[in-house]
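# Structural features, examined
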Amino acid sequence: MKKTSIKNLLVAMTATATLGTVSVSYAEDPIRIGGLYILSGSAATYGEFAQKGIDLAVDEINGSGGILGRQVEMVYEDSQGKASVAIQAARKLVYSEGVDALVGLDSSGVAQGMVPTMPELQKPLIITHAATPDVTGNLCNAFTYRISVNVAQNMKAAALVAAETDATNWTTIGPDYAFGHQSWEFFGNYLKELKPDVNLMSETNFPRFGAEDFTPFIDRVMDSDAEGVLISVWGGDLVNFIRQANTRGFFEKDMEVMFTVGAATEVLSALGEEMPEGVHLSTRYWYEAYDNPVNDRFVKAYIDAYGTPPSYNAEGAYAAIYAYKKAMETAGTTEGPAVAKALSGMSLEAPNGTVTFREGDHQAMVSPNWGVSGPMHPEHGIRTLTNLQIFDGEKVARTIEETGCKL
Amino acid sequence: MSGIGAALLNSLDIGLLLFIIAVGLNIVFGVLNIINFAHGALYMLGAYLAFTLINIAGMPFWAALLLAPVGVAILAVVIDRVLLRFIYSRDVADSLLLTFAILLIINESVRMIWGSGIHVVQPPDLLSGSVRLLGSSVATYSLFVIVIGLLLLAGLWYLFNRTRVGRIMRAAALDRDMAEALCINTRLVVTGVFAFGAWLAAVGGVMAAPMRALDPGMGDKIIIESFIVVVIGGLGSFPGALFGAIILGLIHGFGGRYLPEVNLLLPFVGMALVLLFKPNGIMGKGANA
């Protein structure tokens, strides 16, 4: 007897749940946005951060009436950090999931492979993390935008920082793919322009991505006569690198050390006090760098929801959803080509200030942040950034001619 | 000169850690004829269990070094009894598929339990810091890895050559039917060997935890390295695991130091060279055939 009543209850509950869905579906279909991030493997944390930022934005937008009166819904696919997987996933999102727009991409290698297929899909893509200059350069197209800092912008800022130091002999340690090599190339070119007497050493170091043991490369730089070293190793690799460098006394050497993605909050929280003091750290967005209502709201909401300060990747993804909101409302439609067109030249208020997608190459004019690692943050358990410099996005960007983008 | 000393010690440190991991893979193949794709995932579990015991339960490193591998070995017994027992008599390809599935399950579980973030484990106070050796500074922990690697090497040699359990394992590897006819409980041997392989993987994971950041992809990275070791050394060979691991250690240690431009290629060049001249690996069975 009892059993039956529970069964009935379950049936009733299921029925109610179904009714609920039915009544929702009478409303207008939601706007669907496809997210393409690394959701598995070593770099999965980046996909997770992006999702956290997006969730905040989607909740806020849906809570205040959605976009064009419609709710926003996310559909995610795992790019696995591979271009071929990402292309297939993007097609799936567009053709079978029917998404109206795309956000994502964590890896430069993936971005280089995927961006050329965007015109075929006829949907806009806002890149929120991958930093290769090519996608808003020689590979640019009408559907591809980037809301985050790219390598060229960040390396222009890095060169400005490096030029202020006394170091003349520079080398690099970076991952052996597009990101590591392009970082060094742009840094070297800019630094040479600013300070023609610098020597860019021919002995460079490109360990493979995911190398785990960086000791041989650390030793090599310590034994060389480098006075400055640009390090573009990132993520879990960077955590490994710094811990191994600590045991070798790398940071006790009289050397300028610059980490191009060193102030990523996930790296700082993993390392805690093991992140040395007094090294140059950069990030694409530092949560304490911006004093504006959007940032205040974002940082507070993020810490309330997840207990840690937001990483740059969460910020980029958060801002991208708001960019779509504005573009779709401007265009008055969710049609791919119209939304893509509305993004061009558009400005929006993001946590990192007023962000404008430049018309000529669709790169957002956003500011790289550089600072020097300082004492531990009393609440967040990570190193603080001192001597913080917020470089003017416009000034560190390449000219349209330099980007090689023809739109 | 100090550079060479440092590179040598670094090579040994990388190599012996790889040995601890790859030898388990090799023993499991040698006795059970299974290529265990999930071996790297078990290594990762060892590291994450150590992280939990040390950073969350507040235990000392030494307790984690003892307990975490035992935990993984117990899980291995379950995997063996529930899943693997169905495929021991089948083709190697089936075991590859099944263990790949186990790898995916473990990877995803680790991500669900511990999150996708980066975790670190501190070395015990006794082993933190560095010492001067061969004209360069070496992390004390690296020396510890070398010592443990050598101890395990000696222990395994003793186990296989001087003990009854080792002889039974070898007998089961050579001819399971005959072993059974001699009243050896091969079912127990099979489970024991698989658990032992998992225990070794987990020891490697705990050893690696204080020097390598923990993330949900760490098992995938190490399994590729382990396969390279096994290809170079010879599948199923105990000395092969040692040779392969030391050679790969040297490739990483010296390659990174002196040939950084091609460091990405070197492990594969090494593997290709071995395959050209010794298709079964340096110590592989039938290497002379």
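All values derive from a computational prediction rather than experimental measurement.

Definitions and limits used
Residues numbered from 1 in each chain as written. Chains lettered and ligands numbered in written order. Predicted model: local features only at pLDDT ≥ 70, side-chain atom pairs only at ≥ 80, totals over all residues. Heavy atoms only, no water. Helix = DSSP H or I, 4+ residues; strand = E, 2+ residues; numbered from the N terminus. Buried < 20%, exposed > 50% of the residue type's maximum accessible area, 1.4 Å probe, protein only. Contact = heavy atoms within 4.5 Å. Areas by Shrake-Rupley, 256 points an atom, 1.4 Å probe, with all protein chains shown as cover. Lys, Arg positive; Asp, Glu negative; His and termini not counted. Charge placed at Lys NZ, Arg CZ, Asp CG, Glu CD. Domains from an automatic or database assignment. Buried area = accessible area lost by both parts, 1.4 Å probe. Patch = residues over 30% accessible without salt bridge, like charges linked within 9 Å, V, L, I, M, F, W, Y side chains within 5 Å. Salt bridge = Lys/Arg side-chain N within 4 Å of Asp/Glu carboxyl O. Pairing = 2+ DSSP bridges. Disulfide = S-S within 2.5 Å. UniProt positions renumbered as here; feature names shortened; annotations may be inferred. Axes fitted to C-alpha atoms, helices over the stretch in contact; angles between N-to-C directions. Right-handed = clockwise from strand over helix to strand, strands pointing away.

With that settled, consider the overall build of chain B. For chain B, the count of helices and strands is eleven helices and two strands. When the helices and strands of chain B are placed in sequence order, the string is α-α-α-α-β-β-α-α-α-α-α-α-α. Expressed as lengths along the three principal axes of its C-alpha atoms, the size of chain B is roughly 60 × 50 × 35 Å. Going through the 289 residues of chain B one by one, you find that 56% of them count as buried. Considering only residue pairs separated by 6 or more positions, chain B has 76% of its internal contacts joining residues 24 or more positions apart. Surface accessibility of chain B: about 12,200 Å² in total, with carbon and sulfur atoms responsible for 72%. Positive and negative charge centroids in chain B, built from 16 and 13 side chains respectively, lie 8 Å apart.

All names here are of chain A. When cut into domains, chain A gives domain 1 (31-150 + 290-366) and domain 2 (152-283 + 368-396). For domain 1 and domain 2, the distance between their C-alpha centres works out to 27 Å. Listed as interface residues are 24 residues of domain 1 and, on the opposing side, 23 residues of domain 2. When domain 1 packs against domain 2, close to 1,800 Å² is buried across both sides, 59% of that on carbon and sulfur atoms.

The subject of this paragraph is a negative patch on the surface. Taken together, the side chains of Asp166(A), Glu203(A), Asp225(A), Glu227(A), Asp254(A) and Glu261(B) define an acidic patch exposed on the protein surface. Inspection of the secondary structure assignment puts Glu227(A) in the loop between α8 (215-223) and β8 (228-231).

What links the strands of a sheet is backbone hydrogen bonding, and the strands pair in either a parallel or an antiparallel sense. Residues and elements named next belong to chain A. Taken together, the seven strands give an open sheet; going across it, the order is β7-β6-β8-β9-β10-β13-β14, and neighbouring strands pair in mixed fashion. On the outer flanks of this sheet lie β7 (199-200) and β14 (383-390), each paired with one strand and no other. When strand β6 (residues 169-173) meets β7, the two strands line up parallel, connected through two bridges. Opposite Trp170, over in β7, you have Leu200 as the bridge partner.

Attention shifts here to the state of the cysteines. Note on terminology: a disulfide is the covalent bond linking the sulfur atoms of two cysteines. Residues and elements named next belong to chain A. Enumeration according to the criterion identifies one disulfide over all chains in this entry. Across the disulfide from Cys140 sits Cys405; the S-S distance is 2.0 Å. Its S-S torsion of approximately 90° makes the covalent link between Cys140 and Cys405 right-handed. With a gap of 265 residues between them, Cys140 in the loop between β4 (125-127) and β5 (144-146) and Cys405 in the segment after α15 (400-403) connect regions that are remote in the sequence. Summarising the burial analysis for this pair, Cys140 and Cys405 share the class buried.

This part covers the UniProt feature "transmembrane region" (unreviewed entry) in chain B. Residues and elements named next belong to chain B. Those places that UniProt annotates as "transmembrane region" (unreviewed entry) correspond, in this numbering, to residues 14-34, 41-58, 64-84, 96-118, 138-160, 181-202, 222-251 and 258-277. Overall, residues 64-84 shows 90% helix and 0% strand. The separation of its end C-alpha atoms is 27 Å. A helix fraction of 87% and a strand fraction of 0% characterise residues 222-251, whose end C-alpha atoms lie 15 Å from each other.

A few words on the sheet that holds strand β2 (residues 72-78) of chain A. All names here are of chain A. On the basis of which strands lie adjacent, the open sheet formed by five strands has the order β2-β1-β3-β4-β5 and parallel pairing. Each edge of the open sheet carries a strand with a single partner, namely β2 and β5. Neighbour to neighbour, the strand axes of the sheet diverge by 25° on average, direction disregarded. Pairing analysis gives seven bridges linking strand β1 (residues 31-37) to β2, with the strands arranged parallel. By the bridge assignment for β2, Leu36 is matched with Glu77. The sheet contacts of helix α2 (residues 44-63) involve β1, β2 and β3 (101-104), and relative to β2 the element is tilted by about 170°.

We now examine the pairing of strand β10 (residues 280-283) of chain A. Residue and element names in this part refer to chain A. Burial along β10 is two-sided: His280 and Ser282 facing one way and Leu281 and Thr283 facing the other are all buried. Sheet analysis places strand β9 (residues 256-259) next to β10, joined by two bridges and oriented parallel. Bridge pairing in β10 links Phe259 to Leu281. Taken together, β9, helix α10 (residues 265-271) and β10 form a β-α-β motif whose crossover is right-handed.

With that out of the way, let us pick up the pattern of salt bridges. Within this structure, the stated rule accounts for 22 salt bridges over all chains. Where Glu225(B) meets Arg208(A), a salt bridge forms, and the shortest distance between an N and an O atom there is 3.3 Å. With Glu225(B) in helix α9 (residues 218-233) and Arg208(A) in the loop between β7 and α8, the pair connects residues from two separate chains. Each of Glu212(A), Arg212(B), Asp215(B) and Lys221(B) takes part in salt bridges that share partners, so that together they form one network.

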